[in-house]
Amino acid sequence: MTFKKAILCIGAGYVGGPTMALIAFKCPQYKVTVVDIDPKRIAQWKSDNLPIYEPGLDEIVKATRGRNLFFSTEIEREIKESDIIFVSVNTPTKMFGAGSGMAADLQYWEKTARQIREYAESKKIIVEKSTLPVKTALAMERILTSTENEVHFEVLSNPEFLAEGTAIKDLENPDRVLIGSRETPSGLKARDELIEIYANWVPKERIITSNVWSSELSKLVANAFLAQRISSINSITALCEKTDADILEVAQAVGMDSRVGSKFLNASVGFGGSCFKKDILNLVYLCRHYGLNEVADYWEGVVRINNYQKDRFILNMLSAMFNTLAGKKICLFGFSYKANTGDTRESPAIFIARKLIEEKAELVITDPKALNNAMIDLNGIDGKVSYVEDPYEASSGCDAIAVMTEWEIYANLDFKKIYKSMAKPAFIFDGRNILDHKRLYEIGFNVFPIGKPALTHF
Ligand SMILES: NC(=O)c1ccc[n+]([C@@H]2O[C@H](COP(=O)([O-])OP(=O)(O)OC[C@H]3O[C@@H](n4cnc5c(N)ncnc54)[C@H](O)[C@@H]3O)[C@@H](O)[C@H]2O)c1
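From a predicted model like this one, the values you see are computed outputs, not experimental measurements.

A. Geometry of the pattern of salt bridges. Considering all chains together, one arrives at 23 salt bridges under this definition. Residue Asp-297 is joined to Arg-288 by a salt bridge in which the shortest nitrogen-to-oxygen separation is 2.8 Å. Exposure remark for Asp-297: the relative accessible area of 40% places this residue in the partly exposed category. In this structure Arg-288 comes out as partly exposed when scored by relative accessible area, which is 31%. Put simply, Glu-358 and Lys-355 hold a salt bridge, and the shortest N to O gap is 3.8 Å. With Glu-358 and Lys-355 both in helix α13 (residues 348-358) and 3 residues apart, this pair spans about one turn of that helix. Salt bridges here are not isolated pairs; linked through shared partners, they connect Lys-5, Lys-189 and Glu-193.

B. Local environment of the packing of aromatic side chains. Counted by the stated rule, this structure contains 14 aromatic pairs. Seen in terms of ring centroids, Trp-45 and Phe-71 are 5.2 Å apart; in terms of plane orientation they differ by 5°. Their pairing is stacked. With a gap of 26 residues between them, Trp-45 in helix α2 (residues 39-45) and Phe-71 in strand β3 (residues 69-72) connect regions that are remote in the sequence. Summarising the burial analysis for this pair, Trp-45 and Phe-71 share the class buried. Aromatic side chains Tyr-198 and Trp-201 sit 5.6 Å apart centroid to centroid with 50° between the ring planes, which places their arrangement in the tilted category. Across this residue pair, the class does not change: Tyr-198 and Trp-201 are buried. Feature note: the residues Phe-322, Phe-427, Phe-429, Phe-448 and Phe-458 constitute an aromatic cluster, connected by ring pairs. Lys-424 extends its terminal NZ or CZ atom over the ring of Tyr-419, reaching a point 4.7 Å from the ring centre.

C. Just empty space enclosed by the protein, in detail. Taken as a whole and judged by the stated rule, the model has 4 cavities of 30 Å³ or more. Estimated volume of the largest cavity: approximately 60 Å³. Of the residues contributing to the lining of the largest cavity, the split by class is 2 nonpolar, 1 polar and 4 charged.

D. Quick look at the environment of Leu-69. Structurally, Leu-69 can be placed in strand β3. Each C-alpha atom of the pair Leu-69 and Ala-21 lies 6.7 Å from the other, and the pair is 48 residues apart in sequence. Excluding anything up to four places from it in sequence, Leu-69 contacts Met-20, Ala-21, Ala-24, Val-32, Val-34 and Thr-64.

Thresholds, definitions, all that
Residues numbered from 1 in each chain as written. Predicted model: local features only at pLDDT ≥ 70, side-chain atom pairs only at ≥ 80, totals over all residues. Heavy atoms only, no water. Salt bridge = Lys/Arg side-chain N within 4 Å of Asp/Glu carboxyl O. Buried < 20%, exposed > 50% of the residue type's maximum accessible area, 1.4 Å probe, protein only. Helix = DSSP H or I, 4+ residues; strand = E, 2+ residues; numbered from the N terminus. Phe/Tyr/Trp six-rings, centres within 6.5 Å; stacked < 30°, edge-to-face > 60°. Lys NZ or Arg CZ within 6 Å of the ring centre and 35° of its normal. 1 Å grid on protein atoms, 1.4 Å probe; cavity = no way out; pocket = protein on both sides within 12 Å on 5 of 7 lines; lining within 4 Å. Points joined across faces, edges and corners; volume = space filled by probe spheres on them. Nonpolar A, V, L, I, M, F, W, Y, C, P; charged D, E, K, R; others polar. Contact = heavy atoms within 4.5 Å.

Right, dumping it as structure tokens:
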């Protein structure tokens, strides 16, 4: 079959894999290839055990792989053969040198830009899919045009707004697709080519365009706003716990104001994931770079409250369990940073697990999809940790359960059976407020929700 165009995606991760699978699914007329420097990851994408878990992903990959979706490690050849290149490599927080702990580490991204420059033999549209600091496209253009190579490159920004756990749903039915371009004739032409791809399934009015810098900045700001809502509600949980107010009642009353809205007002042990913290810190770094210290301080507060919330969770556990956790067996229900994903990057569970080990507690970790990643995250930790898939077996003999992830299965367990098998007094710390607290209390548990009065038998 001859294809209309060849799309390449560099980076086969949580964004590159699902986004390209969906483009291939919706646009059989395009050939879509995903490449990565990691051969193991590519081998997994070609196998029955995909490297990431996302509801609905397996079905879409099965329907398209070998038809118009391909995975490869031959980056050089694929660059040559492509018309449109999405760059979806990781852009973690830089952990060395200037900007350490704040700025984006652009080494993977820059390496990609240089590879494209080196191997491209015909004109290309380069699409920034990774989340990048505002003005990165300018640097990319400079790298791409810094040789004798006559090839024309047009750089577009098309940030990805999918959320892990609902990636396929979000990609199929996005709130908006944002495309930033130069306002030159070639910039506008490239923009139209990208619009043409999305228009295969996204209604035209949801495909919005802007200049490149607004597009780059919008992604950082969108994540900062989402994280800010979580930190805002979490900051109030501390006050609720002091005053017998109930965060669920407060969130409902506040969220019913149509100017505020009810989404993203769930109190929790804190946000995690590979993006929120890094993107806010990147925003903070950019603001400081431009001398906007008040703005930087404001956004840095979102991360500070998130750290405070995780610290508070541990301190609450300690004080509830008679100020010592040494030798106590604690079961973590969930390790992924949110439900419906196996991703544990920046999961609050990592921080909580490390703190509990510091307190000399013994840990049992259970999670339906994230146990392999949990083992990697806690590899080499100096303490007693075991990993058990079945939550009943995991909690048996434990002194306490701490809910780290809002997996639906945890809300529907037989807690009478669990209570019977645990050491007494038995504690539950519900870091996601997903359990029926009153019922747990009636069974015999001492229950510590977030931002609600504790229910104890003492
Ligand atoms: N994960 C999310 O939910 C999400 C959502 C929106 C945006 N983003 C952004 O998308 C980008 C990618 O995130 P991710 O979660 O998919 O990261 P990831 O770490 O899962 O995947 C990145 C992949 O790029 C590969 N890679 C790195 N350098 C390469 C190179 N030179 N050539 C080929 N492959 C290379 C890595 O091996 C890795 O497999 C980041 O900028 C992130 O901020 C992520």
